[in-house]
Amino acid sequence: MGWTAVYWTALEVRQDRLEDLRRILELREKATGNEDTREGFAALLQRELPHLKEAFTPEGVGAILNSDDPFVDKEGYLQLGSVYNGGGEEEAVFLSYFLKRGEVIVLTDEYEPLYGYRILGEGRVEPLRAALVDERGRVVWSG
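Residues numbered from 1 in each chain as written. Predicted model: local features only at pLDDT ≥ 70, side-chain atom pairs only at ≥ 80, totals over all residues. Heavy atoms only, no water.

A. Fine view of the nonpolar core. Of all hydrophobic cores here, the largest spans 38 residues; its most connected members are Phe41, Phe56 and Leu95. Listing elements by their share of this core, those giving two or more residues are β1 (4–7), α1 (18–30), α2 (38–48), α3 (58–65), α4 (89–96), β6 (104–109) and β7 (112–121). Considering each element in turn, this core owes the most residues, 5 residues, to α1. Residues within four places of Phe56 in sequence aside, it is in contact with Ile24, Ala42, Leu45, Gln46, Leu49, Val61, Phe94 and Phe98. (Core = buried A, V, L, I, M, F, W, Y, C linked by side-chain atoms within 4.5 Å. Buried < 20%, exposed > 50% of the residue type's maximum accessible area, 1.4 Å probe, protein only. Helix = DSSP H or I, 4+ residues; strand = E, 2+ residues; numbered from the N terminus. Contact = heavy atoms within 4.5 Å.)

B. Layout of the sheet that holds strand β5 (residues 82–84). What the 5 strands build is an open sheet, ordered β5-β1-β6-β7-β8; its pairing is antiparallel. At either end of the open sheet lies a strand with only one pairing partner, and these are β5 and β8 (124–129). Going from strand to strand, the sheet's axes swing by 30° on average, the running direction of each strand aside. As paired elements, β7 and β8 share 6 bridges and run antiparallel to each other. Each residue of the ladder has a partner; that of Tyr117, found in β8, is Pro127. (Pairing = 2+ DSSP bridges. Axes fitted to C-alpha atoms, helices over the stretch in contact; angles between N-to-C directions.)

C. How the structure looks around a negative patch on the surface. On the surface, Glu39, Glu59, Glu89 and Glu90 cluster together into a patch of negative charge. When you line up the elements, Glu39 lands in helix α2. For Glu39, a relative accessible area of 51% translates into the label exposed. (Patch = residues over 30% accessible without salt bridge, like charges linked within 9 Å, V, L, I, M, F, W, Y side chains within 5 Å. Areas by Shrake-Rupley, 256 points an atom, 1.4 Å probe, with all protein chains shown as cover. Salt bridge = Lys/Arg side-chain N within 4 Å of Asp/Glu carboxyl O. Lys, Arg positive; Asp, Glu negative; His and termini not counted. Charge placed at Lys NZ, Arg CZ, Asp CG, Glu CD.)

So, in C-alpha cells, the structure goes:
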C-alpha cells in the first residue's frame, strides 16, 4: 500500500542537462522486465549515463519511474505531476542533478501539509515546510 505525492509546479531544468533528462525519459518508456523496478531502472541509468552514476539511486529515480506521465515541455521545464510513493528527499537529491540551483520543488501528499525542497547544488537540497506569514513577513504558522 502506498501514497501519491503531487509535484505542484513545473521544474526548471538546467540547459546542460536537458539532453540527459530527455534520455532518461526515453529509457523509462523502453524499460522492460527488471528495468521497470526502481533498482533495475537505477542500474539501467547508471550503465547508460555513467557521467551521472552517483545521481541514480533506487529511491531517487522513483521521481521519474513512478510518475504518471513525466515530460519536459518546450520551455525546458520538467512536469512530474502525481508520483506514486513519491515526494521523498531522495527524489529531490536525484532531481538536484538536473534542476537549476535555487529551484524550489513544491509537493503535497495525503499525509503531509504542503512541503518541498530547495536545490542547493548537485546532490544537495534543503527541506522546506509550509508556513503562513503576516504582512511583515513573520511566520505565524508552520506546517
